[in-house]
Amino acid sequence: MLNPISDSLFARAKQLIPGGVNSPVRAFRSVGGAPFFVKAAHGATLITADDRELIDFVCTWGPAIHGHNHPRIRAAIATALESGTSFGTPNPYEVEMAELIVRLVPSIRKVRMCNSGTEATMSAVRLARGFTGRDKLIKFSGCYHGHSDSLLIKAGSGALTHGHPDSAGIPAAFAQETIVLPFNDPAALDAAFAANPGKIAGVIVEPYMGNVGFIRAEPGYLLHLRAACTAHGAVLIFDEVMTGFRISAGGVQAVEKIEPDLTCLGKIIGGGLPVGAFGGRADIMDQLAPLGPVYQAGTLSGNPLAMAAGIAGLRLLEEQDPYARLDRLGSQLRDAVLSAARAKGLPVQVPQFGSMLSIFFTSTPVRDYATALQADAKLFARFFHACLRDGVYLPPSAYETVFLSTAHEGSAIARACEVMTGAIKEL
Ligand SMILES: *Cc1c(COP(=O)(O)O)cnc(C)c1O
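**Student:** I tried to follow the overall build of the protein on my own but got confused; where do I start?
**Tutor:** Summing up its helical and strand segments, the protein has 15 helices and 14 strands in all. In summary, the protein has a C-alpha radius of gyration of 21 Å against a globular reference of 22 Å for 427 residues, a match within 12%. Taken over the C-alpha atoms alone, the protein extends approximately 55 × 55 × 45 Å along its principal axes. Here the protein, with 427 residues, has 57% of them falling under the buried criterion. Residue pairs at least 24 apart in sequence account for 71% of intrachain contacts in the protein once pairs closer than 6 positions are excluded. As displayed, the protein has an accessible area near 17,100 Å², and 56% of this comes from carbon and sulfur atoms. Of note, the protein has its 37 positive side-chain charges centred 3 Å away from the centre of its 37 negative side-chain charges.

**Student:** It is not clear to me how empty space enclosed by the protein should be interpreted in this structure. Could you clarify?
**Tutor:** To find leftover empty space, one rolls a probe the size of a water molecule over the atoms. Enumeration over the complete set of coordinates arrives at one cavity of 30 Å³ or more. Ser358, Ile359, Phe380, Leu394, Pro395, Ser397, Glu400 and Val402 together form the lining of the largest cavity. Looking at side-chain class alone, the lining of the largest cavity contains five nonpolar, two polar and one charged residues.

**Student:** In this structure, what is going on with unusual backbone geometry? I would like to understand it.
**Tutor:** A negative phi angle is the norm for most residues apart from glycine, just as the trans form is the norm for most peptide bonds. In this chain, Ala289 is followed by Pro290 through a cis amide linkage whose omega measures 10 degrees. Position of Pro290 among the secondary structure elements: in the loop between helix H10 (282-285) and helix H11 (304-320). Its identity is not glycine, yet Thr60 carries a phi of approximately 50 degrees, on the positive side. Counting through the fold element by element, Thr60 comes out in the loop between strand S3 (53-56) and helix H2 (71-82). A residue is classified by how much of its surface remains accessible, and Thr60, at 42% relative accessible area, is partly exposed. For Lys267, which is not glycine, the phi torsion reads 40 degrees and is therefore positive. Of note, Lys267 is situated in the loop between strand S9 (262-265) and strand S10 (276-280). On the accessibility criterion, Lys267 (25% relative accessible area) is partly exposed.

**Student:** How do you make sense of the layout of surface pockets when you look at a structure like this?
**Tutor:** Looking at the second largest pocket, its volume works out to about 580 Å³. Around the second largest pocket sit 27 residues that line it, and Glu94, Val111, Arg112, Met113 and Ser301 are the ones nearest its centre. Listing elements by their share of the lining of the second largest pocket, those giving two or more residues are helix H3 (92-104) and strand S4 (110-114). Its residues assigned to classes, the lining of the second largest pocket shows 13 nonpolar, ten polar and four charged.

**Student:** Help me understand helix H1 (residues 4-16) in this model?
**Tutor:** Look at H1: 19 Å from first C-alpha to last across 13 residues, which is about the 18 Å you get at 1.5 Å a residue. Among the residues of H1, Ser6, Phe10 and Ala13 are the ones counted as buried. The buried residues of H1 occupy an angular sector of 65 degrees when the element is viewed end-on, so they sit on one face. Facing away from the buried surface of H1 by more than 90 degrees, the exposed residues are Pro4, Arg12, Gln15 and Leu16.

Calculation notes
- Residues numbered from 1 in each chain as written.
- Predicted model: local features only at pLDDT ≥ 70, side-chain atom pairs only at ≥ 80, totals over all residues.
- Heavy atoms only, no water.
- Helix = DSSP H or I, 4+ residues; strand = E, 2+ residues; numbered from the N terminus.
- Rg over C-alpha atoms; globule rule 2.2 N^0.38 Å.
- Buried < 20%, exposed > 50% of the residue type's maximum accessible area, 1.4 Å probe, protein only.
- Contact = heavy atoms within 4.5 Å.
- Areas by Shrake-Rupley, 256 points an atom, 1.4 Å probe, with all protein chains shown as cover.
- Lys, Arg positive; Asp, Glu negative; His and termini not counted.
- Charge placed at Lys NZ, Arg CZ, Asp CG, Glu CD.
- 1 Å grid on protein atoms, 1.4 Å probe; cavity = no way out; pocket = protein on both sides within 12 Å on 5 of 7 lines; lining within 4 Å.
- Points joined across faces, edges and corners; volume = space filled by probe spheres on them.
- Nonpolar A, V, L, I, M, F, W, Y, C, P; charged D, E, K, R; others polar.
- Expected span 1.5 Å × (residues − 1).
- Arc of directions from axis to C-beta.

Structure below.
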């Protein structure tokens, strides 16, 4: 495919930006080839620097649940912009945002805004440690919680795609405080608690995994996590940066009816601008400065433009309650892939819930990191490039989640089903 403008931008970028990108997965290393540059995006469509139109199933890695450049969000940003971009004082939008989040996410009584999902998880972990006076943290292999030191251990997402799940530059002493367990394995959790009595500050989990592809918790598993944390006095942290406001307005916790102690948010709550948040039980949140001894801060936290964008996005979700519609789109795509693969005799797993799904080329049901890795990543790369050639942009890695938006309704989803069916026939 000829993308002369993208290719020349990438050549310039590589001279100045490590790998030419500001976030590793964008470099296409896992599927091969060179990334395209995007100059505009509207609804379900990306417009590349070379004027190709692509149906986008990455949705800026989750945030764009209403599609790109939604008029209501754009108008909210424009209105806020009239009054200035940052004040360094409390502003009215922050209160409105906190009220929305507390109303919609069942377990959150108090919330603090920050600037990214990474900040949210990093701060929630510090808070869990400060609250319990303990150091050790349990996480699950393949769960990605941003790139802070305690959490970038057996992480998914770009860290997995690039084949070095443990990053250089993390002190061994930090890594030793993080216990990594398989997901969907209650016995492994019980054994870890038994082996570390009184030492576990918290358990952090993506309640439905989205960073080795999409993997749901098995029935009863999250309840088991809840009960074990309560029994051992550990803080249960749901990282709903990806699933918050996407799986439902109240996230996975509302669907599964489990209340974690702390919840991390990001992505959708920024409406396309950089935002994170963490919140939960009032007694834990009140340990934060200025009330308590756990320090956390941010020059641009609660930024008025970002709050305005996020509030507009969340209000749209409240008004439209699009989750049944999104689930129909997700199952349409899943069914198209399954029937094309069946016709060809190609083994495939397509876990899907609402607007999240993954395409794993394997005959083994995918329930954790180890089974996800059994999927054929080379075959996925061929599938990816066949779809891209025909105008459908999937996540550029076998281990990322496909996202849909309300803007995919109608012609975009129909065309995508057609393209994916054709791409599978070709494999
Ligand atoms: C994206 C993501 C993060 C990190 O958020 P950033 O805004 O990229 O720092 C953390 N946790 C989960 C589950 C995510 O999907």
